[in-house]
Amino acid sequence: MYLCPLCQQALVLNNKQYQCVNRHSFDQAKEGYVNLLPVQQKNSQDPGDNKEMMQARRAFLQADWYRPMAEQVGATLQPLQVTTLLDLGCGEGYYSNLLQQQLTLEEQHGIDISKSAIRSAAKQYPQVHFAVASAYSLPFAAGYFDAIVRIYAPSLASELSRVLKVGGHLLTVTPAPEHLLQLKQAIYSEVRLHSDAVTDITDFQHVARERLSFQLTQLTATDLMQLITMVPLGWKFSAAVKAELLAQAPAIQCDFYLDLYQKVAKA
């Protein structure tokens, strides 16, 4: 199911070790995942979100605060008869797990550059194939997937196109203008809203956009602290501003764009 990240030859699993014809080998961890991120593809010794951000995100997501968005992702994919799915930048596997429950999938994969996140995902959701890998060098054969889900994760358009079947779909989730507006208002005197522009992606046709908005109205101080910690905005908070926001406990606006693209055949 995987390609060698060093020579792009097929990997074969034998006695918990993935090997290619050129004798590159990658051990399957006891949790079931495989690390296919060679050192030359890393931008740091331990890439991805730090442990504090990962733990905060895992707790926040498992409390189902973003479940409306996750369910809408599944509902958008439901009519497309997806059987092979890739969750790009899957983190601890929260969305992968819900999609596995919502869709009739023959095979589902999740990749992330964070080893600790993938280890956590593989422990919790053994029904999904997880790998540590780069979204800029996907370890899969051409035309392998019916669909890719990309929730916030950066990626390379040519790699998305390569691993998707012609006619396959890419579903992206990005922040709409008012996403986490109250967090921004706590930090900035002038708030710059997220763009509403549709991103053009080479080899893909934009099919549809849906905007999903809802409020988080019963966040505890712990929930709110987890949200602050897991998002990039968290680095902007001073201790005083953070304490003030936790004391106020405002409702937090969630605002997402779900954009559906379809891979078109090259002329």
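Here is a short report on the structure shown in this document. Every value quoted in this text rests on a predicted model; they were computed, and no experiment measured them.

So, how was this worked out
- For every chain, the first residue of its written sequence is number 1, and the numbers climb from 1 along that sequence.
- Reporting of local features is limited, given that this is a predicted model, to residues whose pLDDT is at least 70; pairs of side-chain atoms are given and counted only at 80 or more, and all residues count toward the totals for whole chains, interfaces and linings.
- Where side-chain values are given, they derive from all heavy atoms of the structure, hydrogens and water being excluded.
- Accessible area is worked out with a 1.4 Å probe on protein chains only. A residue is then buried under 20% of its type maximum, exposed over 50%, and partly exposed in between.
- The helix count covers DSSP runs of H or I at least four residues long, the strand count covers runs of E at least two residues long, and both are numbered beginning at the N terminus.
- In what follows, a contact means two residues having at least one pair of non-hydrogen atoms within 4.5 Å.
- To pair, rings of Phe, Tyr and Trp, with the six-membered ring standing in for Trp, must have centres within 6.5 Å; the planes then decide the type, stacked if under 30 degrees apart, edge-to-face if over 60, and tilted in the middle.
- We call a charge positioned over a ring when the NZ of a Lys or the CZ of an Arg lies within 6 Å of the ring centre and within 35 degrees of the ring normal.
- A fitted line through C-alpha atoms serves as each axis, taken over the contacting stretch for helices, and the angle formed by two N-to-C directions is quoted from 0 to 180°.
- Should an angle fall under 35 degrees it is taken as roughly parallel, and over 145 as roughly antiparallel, whereas 65 to 115 is taken as roughly perpendicular and any remaining angle as oblique.
- It is the rotation of the near helix from the far one that decides the hand of a crossing: anticlockwise by less than a right angle makes it left-handed, clockwise makes it right-handed.
- Charged means Asp, Glu, Lys or Arg here, nonpolar means Ala, Val, Leu, Ile, Met, Phe, Trp, Tyr, Cys or Pro, and polar covers whatever is left, Gly included.
- Note on definitions: salt bridges are taken to be side-chain nitrogens of Lys or Arg within 4 Å of carboxyl oxygens of Asp or Glu.

Concerning helix H3 (residues 94–102)
Restricting attention to buried positions, one finds in H3 the residues Tyr-94, Tyr-95, Ser-96, Asn-97, Leu-98 and Leu-99. As for H3, its buried residues are in contact with helix H1 (51–62), helix H2 (67–77), strand S5 (84–88), strand S6 (107–112), strand S7 (129–132) and strand S8 (145–151).

Side note on the environment of Gln-55
For Gln-55, the location among the structural elements is in helix H1. Distance in space between the C-alpha atoms of Gln-55 and Glu-92 is 9.1 Å, their sequence separation being 37 residues.

A few points about the packing of aromatic side chains
Summed over all chains, the structure comprises nine aromatic pairs. Look at Tyr-2 and Tyr-18: their rings are 5.5 Å apart centre to centre, the planes differ by 80°, and that puts the pair in the edge-to-face class. Of this pair, Tyr-2 sits in the segment before strand S1 (12–13) while Tyr-18 sits in strand S2 (residues 17–19), and the two are 16 residues apart along the sequence. Tyr-18 shares its class with Tyr-2; the two are buried. An aromatic cluster of at least three residues, connected via ring pairs, comprises Tyr-2, Tyr-18, Phe-140, Tyr-144 and Phe-145. Positioned over the ring face of Tyr-257 is Arg-209, at 3.6 Å from the centre of the ring.

Regarding helix H7 (residues 221–230)
H7 sits mainly inside the fold: seven of its 10 residues count as buried. Listed as buried for H7 are Asp-223, Leu-224, Gln-226, Leu-227, Ile-228, Thr-229 and Met-230. For H7, the elements touching its buried residues are H1, helix H6 (181–187), helix H8 (239–248) and strand S11 (252–263).

Considerations on the packing of H1 against H7
Between two packed helices, what matters for the description is the angle formed by their axes and the separation of those axes. Remark: H1 packs on H7, axes separated minimally by 8 Å, with the N-to-C direction vectors making an angle of 135°. Put simply, H1 runs oblique to H7. With respect to the hand of their crossing, H1 and H7 are arranged in left-handed fashion. Residues Glu-52, Met-53, Ala-56, Arg-57, Ala-59 and Phe-60 of H1 form the contact with H7, whose participating residues are Asp-223, Gln-226, Leu-227, Thr-229 and Met-230. For the contact of H1 with H7, the residue count by class is six nonpolar, two polar and three charged.

Brief notes about the pattern of salt bridges
Counted under the stated rule, the structure contains seven salt bridges. Here Arg-67 makes a salt bridge to Glu-71, at a shortest N to O gap of 2.8 Å. Placement of the pair is Arg-67 and Glu-71 together in helix H2, with a separation of four residues, close to one helical turn. Relative accessible area serves as the criterion here: at 27%, Arg-67 is assigned to the partly exposed category.

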